Amino acid sequence: FHWFHRVRVHIPVITRPEVRFHCADENVHMAAGEAWIFDNWREHRVENPAPAARVHLVADTAGTSTFWRLVAKAQSKDFAQANPEPRFLAYDPGAQPQILTERFNAAPVMPPAEVEQLTFDLLADLAPADARPESTRATGQFVGIMIEFCHDWRSLWSLFGDAVSDRGPYEQLLTATRKRIAVLPPVRIASTGYSAQAVLQARVLAHLFGDGGGARREAAEFNVSAVALAAAPAVAQPSHTAELPTLELPQVDLPTVEVPRIEATATAKALEPEPAREPEPEQEPEPVPEPVAAPEPYKPPVLERPIIILSAPRAGSTMLFETLAQAAGVYTIGGESHQLIESIAALRPGRGVVNSNRLTRRDATSAIVAEMRQRFAGRLRDRDEQVPASGASVRLLEKTPKNALRVPFLLEVFPDAQFIFLQREPRANLSSMMQAWRAKGWVTYRQLPGWPGPWSLLLPPGYERLQGKPLEEIVAFQWRVANETILDDLADLPRERWIGARYEDVLRDPREEIAKLLEFTGLAMDARLEEYLSKPLPPSRYTQTAPDPEKWKQNEKEISRVMPQLEAIVKRLGAGKV
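This section reports on the structure supplied with the text.

Rules used throughout
- Residues numbered from 1 in each chain as written.
- Predicted model: local features only at pLDDT ≥ 70, side-chain atom pairs only at ≥ 80, totals over all residues.
- Heavy atoms only, no water.
- Salt bridge = Lys/Arg side-chain N within 4 Å of Asp/Glu carboxyl O.
- Helix = DSSP H or I, 4+ residues; strand = E, 2+ residues; numbered from the N terminus.
- Buried < 20%, exposed > 50% of the residue type's maximum accessible area, 1.4 Å probe, protein only.
- Expected span 1.5 Å × (residues − 1).
- Axes fitted to C-alpha atoms, helices over the stretch in contact; angles between N-to-C directions.
- Parallel < 35°, antiparallel > 145°, perpendicular 65-115°, else oblique.
- Left-handed = near helix turned anticlockwise from the far one by under 90°.
- Contact = heavy atoms within 4.5 Å.
- Nonpolar A, V, L, I, M, F, W, Y, C, P; charged D, E, K, R; others polar.

### Looking at the pattern of salt bridges
Okay, so step 1: Scanning the entire structure with this criterion turns up 30 salt bridges.
Okay, so step 2: Among the ionic pairs, Glu116 bridges to Arg154, the shortest N-O distance being 2.8 Å. Here Glu116 is found in helix H2 (residues 112–123), whereas its partner Arg154 is found in helix H3 (residues 133–160), with 38 residues between them in sequence.
Okay, so step 3: By relative accessible area, which is 18% here, Glu116 ends up buried.
Okay, so step 4: Across the pair Glu473 and Arg561 runs a salt bridge, and its minimum N-O distance is 3.0 Å. You can see Glu473 sitting in helix H13 (residues 471–490) and its partner Arg561 sitting in helix H17 (residues 556–562), a full 88 residues away along the chain.
Okay, so step 5: Taken together, the salt bridges that share partners define one network made up of Asp505, Arg508, Glu512, Glu513 and Lys516.

In structure tokens, the structure reads:
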């Protein structure tokens, strides 16, 4: 809501050439002293591979006509080339500009014109969640419900205006609309892929009433309410809902739209029912059609015997994950679950609750367990990008190397989980971890208590003691703790709950090794997976260079120095003395 009519102006003050901003398919470097805006509605992120901090001056504005005239003249493409007509504003130490801040930006009751503008812009960007007929019907039903909501909101406004004392009818309409939206199957936003139900809550329904009479709200307030509602299921709830104290979700940037889309108005008119007509003389009246039954509420899937891959970092777990994801009946969240898990504040190191990636039963409160199950169930897709049928029992495939330290916690979330323990030849594994640290593409934490810079890969307990140690000792510690913890935690489970696999064996004979894992998990080999396995496995999305059993020798001197201290865990893993 806050961003629908506003943009954030970025002026880099301190930056470095390697800092890159990504927005949709573009990526640029914002140089110091330049002024930038971008479309917050598109997927965007920033990469800062250097340990040095960057500083930007930022300002949010709706913009006067003068501001938008400047924007119209700005460079909007070919960013690799210098702006041919830059406008330089020199620093004036004597200037005393008057800074005007917003005083009124949230009406006590949102006027119908604004409700319609926000709603129709959203409706013009809807798409079915998948190719199923019920998903297509859900999109039309979503549009119809919201058009009816806009008609009724305008009618109530004509009766009560923005009188805070007469909010009862408005709130009744809001509650009824939320209930109607909640029973629909998922609908998505075409331009971003986000959940339309979540965006509707965060962009429109959460802001229909201004807090405290609606004089002014800060941008942070808008973002907090947007985050809470975007992450919550679309169910009826009071206007002010207490948040769970242990949960903290990532900030959601909502859309910045310079020009309202007008095609939605035509769509709305086309969907309005035509006025009833009197039957023509001497003709039988047309039969009244039977009312269409309301759709069954969409029920979240049931996660049955999730399959969780455990491994040290850079042991080939992505390759195994991407291969098993080709099996029929397997559902994933599309990648690793770092953000899904660690956007819960109590589970993120450095927030004062946990100080590493080690999670145990003690960390699995009832609220966190319920939240975790809901998050996984809400993001599932199969190999064809299809969502589960309503209420279906599905097999979740999950992997992230941090799960090496989370088995007791995961068993509280998924009590019937099965585990695949993937190992890789120790020297090759250590070498790959060293390369990941050097590449700076696997940074997991920018700042940590007791550590002087960015941290890469898994964060084991006791990491603080590694300050000043050479890289080979850091990765040896990560590798040892990961494998020791996996072995210790799996020892508490019946042997039929987990199976081992070796990266090198999967590469050597993928058909044979995957067949063993399918038998263990109760999955079937179908023709499509057979075809996938009939060819050499493709490099995983995180592969830096092609597999080579001798590649570790690039770091042979450093690895040879730390191997004696790993002899005990190497023997436990069954690899023998190296």
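### Looking at H2
Okay, so step 1: For H2, built from 12 residues, the straight-helix expectation of 16 Å at 1.5 Å per residue is met to within 8% by its first-to-last C-alpha distance of 16 Å.
Okay, so step 2: For H2, a buried count of 9 out of 12 residues is recorded, marking the element as mostly surrounded by other parts of the structure.
Okay, so step 3: Within H2, the full set of buried residues consists of Pro112, Val115, Glu116, Leu118, Thr119, Phe120, Asp121, Leu122 and Leu123.

### A short note on the packing of H2 against helix H5 (residues 196–203)
Okay, so step 1: With their axes 11 Å apart at the nearest point, H2 and H5 run at an angle of 165° to one another. Judged by the angle between their axes, H2 and H5 are roughly antiparallel. You can see that H2 and H5 cross each other, and the crossing is right-handed. Where H2 abuts H5, its residues Leu118, Asp121 and Leu122 lie against Val199, Leu200 and Arg203.
Okay, so step 2: Looking at the contact of H2 with H5 residue by residue, the classes come out as 4 nonpolar, no polar and 2 charged.

### A closer look at the environment of Leu324
Okay, so step 1: Looking at the element boundaries, Leu324 is found in helix H8 (residues 317–324).
Okay, so step 2: Overall, the relative accessible area of 5% leaves Leu324 in the buried class.
Okay, so step 3: Here the alpha-carbon distance between Leu324 and Arg383, two residues 59 residues apart in the chain, equals 9.8 Å.
Okay, so step 4: Setting aside anything within four residues of it in sequence, one finds Leu324 in contact with Ile309, Val330, Leu397, Ile420, Ile514, Leu517 and Leu518.

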